[in-house]
Amino acid sequence: MNRFLRGLAASVAFATVASGALAKDLKILASWDESYAAVGEVLEPFMEYLEAEITEELGLSRFGPETIPPFEQLNPVAQGLFDFLYTNGGYHYNDIAVGMALDALSGSSEALHESGMWDFADQEYQKRGLKLIAVFYDTNGFHMILKEPLTDDGLTGRRIRGTPLYHPVISALGGSPVVLPGGEIYPALERGVVDGAAWPAVGAVNYRWFEVAGYFVRPTFGQVSHMLLMNLDTWNALGETTQAEIAAAARSYETESSKIFDGLASKEVETLIAEGMQQTDFQDDIAANLKSAWFNGVTDLAATINPDAIARMRDIAETAGIGE
């Protein structure tokens, strides 16, 4: 880190822990702007809920991808330039792939806790200077939107936007993955740079992709983990009471967020159809194997980065029945 960044990090850290009290303003860096419903409908209400639940005075401010690009956000939070990171593990899998592997699982956030998977992920991120605060799961999972309907050839010959998380499935179906931030998907579809995009099942409406793509694919696959991480030094500087209050609020809101995502997903499909999009379906043989293909593809990719950790996650998932 250069001299400017070291100075900025020191200033932020000092402001956070000055006088042994919780800072008036803690900074949340988000991988998406408010165009993505997981920000406006989930993160922002949680910020208000957290402020109300904490005994000590707490103010939270949000910064988005216009501040730091989504794929470059992990280290600035680990270094203390921001206090929280709201993201998906696929955005930083080259640094640590544990978060991405959470998207391969099935089951509720409660199952994540009961199996020991949540605590294991927390331990792994703490090795990187980050504390796992919450995993807001959208169990409606991921899907693809396409300019043209599916054929017997699957995705053969098509360029499909997707972070590395999606690459095994896109490639297995014959497509060519293209990495793009969410904000660049609309113009890429419009100009024919890509033929489709993989994204959570909630999100296409706010981005208005129905204006440049005609089809959404079913069935969906996997589930979407929206991770809230905290700089570990910031966390350790908090009092035990404040830590307990944050943990309790996050645990409660994990359950509430799943209900919010369910409502958003139902409205999403209704709106896409009303705006002229049509459903196109994977062939039966592909659909039947999609869950296992997704689990194995994501965890195999994750294992190239963190083989020991992913092996442990596979064991936990198998024991708890939350894998393929």
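This text follows the structure it describes.
Please read all numbers here as calculations on a predicted model, not as lab measurements.

A. Expanded view of the packing of aromatic side chains. One pass over the full model with this rule turns up 19 aromatic pairs. Pairing Trp199 with Trp209 gives two aromatic rings, centres 5.3 Å apart and planes at 90°, and the pair type is edge-to-face. Of this pair, Trp199 sits in strand S8 (residues 196-200) while Trp209 is found in the loop between helix H9 (204-207) and strand S9 (215-218), placing the two residues 10 residues apart along the sequence. As far as burial versus exposure is concerned, Trp199 and Trp209 are alike and both buried. Taken together through their ring pairs, the aromatic side chains of Trp32, Tyr36, Phe46, Tyr49, Phe71, Tyr86, Tyr91, Phe136, Trp199, Tyr207, Trp209 and Tyr253 make up a single cluster.

B. Region of interest: the side chain of Ser225. Secondary-structure assignment places Ser225 in strand S10 (residues 224-231). Judged by relative accessible area, which is 0%, Ser225 ranks as buried.

C. Focus on the packing of helix H6 (residues 117-126) against helix H13 (residues 307-320). At a minimum axis distance of 10 Å, the contact between H6 and H13 shows a crossing angle of 170°. What the angle tells us is that H6 and H13 run roughly antiparallel. On H13, the residues that touch Met117, Phe120 and Glu124 of H6 are Ala309, Arg312, Met313, Ile316 and Ala317. Looking at the contact of H6 with H13 residue by residue, the classes come out as 6 nonpolar, no polar and 2 charged.

About the criteria used
- Residues numbered from 1 in each chain as written.
- Predicted model: local features only at pLDDT ≥ 70, side-chain atom pairs only at ≥ 80, totals over all residues.
- Heavy atoms only, no water.
- Phe/Tyr/Trp six-rings, centres within 6.5 Å; stacked < 30°, edge-to-face > 60°.
- Helix = DSSP H or I, 4+ residues; strand = E, 2+ residues; numbered from the N terminus.
- Buried < 20%, exposed > 50% of the residue type's maximum accessible area, 1.4 Å probe, protein only.
- Axes fitted to C-alpha atoms, helices over the stretch in contact; angles between N-to-C directions.
- Parallel < 35°, antiparallel > 145°, perpendicular 65-115°, else oblique.
- Contact = heavy atoms within 4.5 Å.
- Nonpolar A, V, L, I, M, F, W, Y, C, P; charged D, E, K, R; others polar.

These results come straight from atomic positions and should not be treated as a statement about function.
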